[in-house]
Structures are given as structure tokens and as C-alpha cells.
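# Inside the fold
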Amino acid sequence: MERMDQQLGFTPAARFLLVAGAFVVVVAGLKAATNLVTPFLLAIFIAVLVEPPLQYLRHRGLPGWAAMLVVVALLVGVGGAIIGLFTGALNGFNASLPEYQQRLNVMSGELVARLDEVGLHVSRSVLNSFIDPSGVLGFASDLIKGLSGVLANAFLILLTVIFILLEAHSLPSKLRVALRAPQATLVHLHEVVKTINRYMFIKANTSLATGVLVWVWLTFLGVDFAAMWAMLAFLLNFVPTIGSIIAAIPAVLLALVQLGLESALLATLGYLVVNILIGNVIEPRVMGRGLGLSTLVVFISLIFWGYVLGSVGMFLSVPLTMALKIALSTSPQTQPLAIMLGPEIEAKEVVAFAPQDPTGDRQHAPHKAVANE
């Protein structure tokens, strides 16, 4: 690569500018084609997630068409249940929203009166400008509508998943014919699929546990639409770092408006306990060595993919970055980038096992991305 750059007259600065320009063009293209790319990416990850059950059914002696029918029926059932839950709960929430807004207005008036009693004079209009009732509770409605909008392409996503699963078994044979080094490509492709599948499987189970615990706690407290907030907690648990915080906001606000300050504090405590238990105790133990990504990279990937692909990009930020890291680790030219995306422990392992040249400098050893094993 460097020899070719020298023949073409490329300096390191020129090569950097070319790579940066290509990166900007690719990102701009992805953002412009979000409506097309997002359903396709979502379909790929759903296909990766349901492929092991499909293979399991085939190995149990079920014909291919029958196994596919069972998997598609499962997807339709789960998707229909989610759509039905959100549609019914959202309609009920929107119907009750004026009542909640009126209660919040009353509470803001009481807060102004208490502040006056202690000598802090705050105008009611000024307070409402900071705490807009329609904006505070309307946030929950807009958030759920945004998630429901993803399901608008459900039929297209389902068809894409079916075609991907139908083509999956023939992909290895096609790659062996089409590529010069098919074995290495198949190994890396298998590693990407295995890593993403393990992450998605573990995350789906921990998110389900989060949703169930949130539903039980909010039902115990008597918060309205507990099932909807539990589903929101399940979905947003896939969003790293801030997902659980966003999921808690509307439920805690509703508990405050509906039941009072004490119930809101109890709801907040419940969310804290559940998220600390699931996110900081159970998930790290189940995932073993982790995602193979540094904490900073996880946060930056959340912002980046959210900017490029919208809300779905935030859900898929970790799997997309994991796949990118594994792809970068396959080439000596891009392996340093893969090391930078990983945690410190991986960099230390690369240094520890890297051979030294006669000058005493270490060469990059072949890098293998952590597959959460």
C-alpha cells in the first residue's frame, strides 16, 4: 500500500485527506439514504438473531420450509403484540393526557405558593416556561410515536428478513467461487455473525428481564400504563448509556402527576435498582470480557449512528461498531484502528504477543476481536 502511494506521489497528508473525504462521502450518502438503509440494516440484524433458531429447527429434522414458517410466525406474533400494545396504550395515554396536564398545572401552582412562603418569589408564567406541562408529558407521547414509526415498515422488514434467511445457506458457496481468499473471508464473516448474535441474544434477555421488573414495580405502585412503560424500558435498554435514563423519565413524571412525590421517588428508586442490577451486575458477568469496545467508543458510536440513521441507529450502534471493528482487524493497514476501538486490555494483549524487530520495536501481531467468549 505504501509503495503504491509512493508511485502515485501520495504523501501521508494527501492519503489522510483522501480517506477523510471518502469517509465524509460515505456518511453523507448513508444519511441521505436513511429511509432505505435503516429497514435493510434492521432486517439484517433480525435475520442474524433468528438464524440460530432456524438452524436448530432444521437440525431437529424439520423441513426447511416448515422451520421458516415457524420462525416467520414467531416474528409476526412478537411484532403484532408490540404493535398492538403500543397502539392501545398510546391511544389511552393520549386520551388521558389533558387530565395529566391539568394536574401538572395544579402542582406547579402549589410549588409557586410554597416558594412564596419561604421568600422565593417566582412568577407562575416564568415557572411554566421552564416546566411546560404539554411539553413535559408530551415528551412521552412523542417518544412512543417515534418508536412506533419504526414499525411502519414492518412488512418490508419482514420480507427482507425472509429473503435474507432463504439466501443465507447459499452465501458460503457463492463466496468460495467469487473471492480470491474465500476461507479467510468466511472466517471473519462467521466471527462477525457470532459476535453480533451473542450480543443481541444476551441483550434481548437482559432487556426482557428489565421490562418485566419495571412492569411489576410500576404495577405495584399503581402507575397508569405500566405495561407501556415496561415495553419502553425493554426497547430502550438496547440503547447504551442513556437508554435506561430516557425510559425512566416519562414513567417517573407520570407517577409524580398521578400519585404524588412519594410514588415518584419510589418509581425512581425502582428504576435505579433494576438498571444497576441488570446493567452493572448481571450483564458484565454474562457477557464475560465485554463487548470488545472501549466505553468511550460505545458512547461516541451511540451519537454517531444516531446522527446518521436516527433512532434505529441508536439501537444498532453497538452491533454496527462491533462489526466495523472486526472488519478493520482483518487488514494490517486498518488493524491499528481496530485496536483503538477496543478496550485497553486488548491493546495490552496485542503488545504482549507482538514480535519484536531487530531495532526493539514491536510489530503488530495478528489481532483477533473479542467475540464475548
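Conventions adopted
- Residues numbered from 1 in each chain as written.
- Predicted model: local features only at pLDDT ≥ 70, side-chain atom pairs only at ≥ 80, totals over all residues.
- Heavy atoms only, no water.
- Axes fitted to C-alpha atoms, helices over the stretch in contact; angles between N-to-C directions.
- Helix = DSSP H or I, 4+ residues; strand = E, 2+ residues; numbered from the N terminus.
- Parallel < 35°, antiparallel > 145°, perpendicular 65-115°, else oblique.
- Left-handed = near helix turned anticlockwise from the far one by under 90°.
- Contact = heavy atoms within 4.5 Å.
- Nonpolar A, V, L, I, M, F, W, Y, C, P; charged D, E, K, R; others polar.
- Phe/Tyr/Trp six-rings, centres within 6.5 Å; stacked < 30°, edge-to-face > 60°.
- Buried < 20%, exposed > 50% of the residue type's maximum accessible area, 1.4 Å probe, protein only.
- Polar contact = N/O pair within 3.5 Å; in protein donor to acceptor, adjacent residues only side chain to side chain.

Turning to the packing of helix H10 (residues 226-236) against helix H11 (residues 243-259), a few remarks are in order. Packing of H10 against H11 brings their axes to within 8 Å, and their N-to-C directions diverge by 165°. Comparing the axis directions of H10 and H11 gives the class roughly antiparallel. The handedness of the crossing between H10 and H11 is right-handed. Contacts between H10 and H11 pair Trp229, Leu232, Ala233 and Leu236 from the former with Gly243, Ser244, Ile246, Ala247, Pro250, Ala251 and Leu254 from the latter. Its residues assigned to classes, the contact of H10 with H11 comprises 9 nonpolar, 2 polar and no charged.

Turning next to the packing of aromatic side chains. The final tally for this structure, using the stated rule, is 4 aromatic pairs. Judged by centre distance (6.1 Å) and plane angle (20°), the ring pair of phenylalanine 23 and phenylalanine 304 falls under stacked. Of this pair, phenylalanine 23 sits in helix H2 (residues 12-32) while phenylalanine 304 sits in helix H13 (residues 295-309); the two residues are 281 residues apart in sequence, bridging distant segments of the chain. For phenylalanine 304, a relative accessible area of 28% translates into the label partly exposed. Between phenylalanine 234 and phenylalanine 238, the aromatic rings sit 5.7 Å apart at their centres with planes inclined by 90°, giving edge-to-face as the arrangement.

Moving on to the side chain of serine 207. Its place among the elements puts serine 207 in helix H9 (residues 182-221). By relative accessible area, serine 207 is classed as buried at 0%. Separated by 2.7 Å, the side chain of serine 207 and the backbone oxygen of lysine 203 make a polar contact. Setting aside chain neighbours within four positions, we find serine 207 in contact with Phe234, Asn237 and Phe238.

Tracing the sequence through the fold places arginine 198 in helix H9. Overall, arginine 198 belongs to the partly exposed group, its relative accessible area being 31%. Taking the C-alpha atoms as reference, arginine 198 lies 8.5 Å from leucine 49; in sequence the two are 149 residues apart.

Two elements in contact, helix H3 (residues 34-59) and helix H7 (residues 154-168), have axes separated by 8 Å at closest approach and are oriented at 50°. Relative to H7, the element H3 is oriented oblique. Considering only the axes of H3 and H7, their crossing is right-handed. Here H3 contributes Pro39, Phe40, Leu42, Ala43, Ile44, Ile46, Ala47, Val50, Glu51 and Leu54 to the contact with H7, which in turn contributes Leu156, Ile157, Thr160, Val161, Ile164 and Leu165.

Moving on, we get to unusual backbone geometry. One non-glycine residue, phenylalanine 225, lies in the positive phi region at around 55°. Assignment of secondary structure puts phenylalanine 225 in the loop between H9 and H10. Judged by relative accessible area, which is 25%, phenylalanine 225 ranks as partly exposed.

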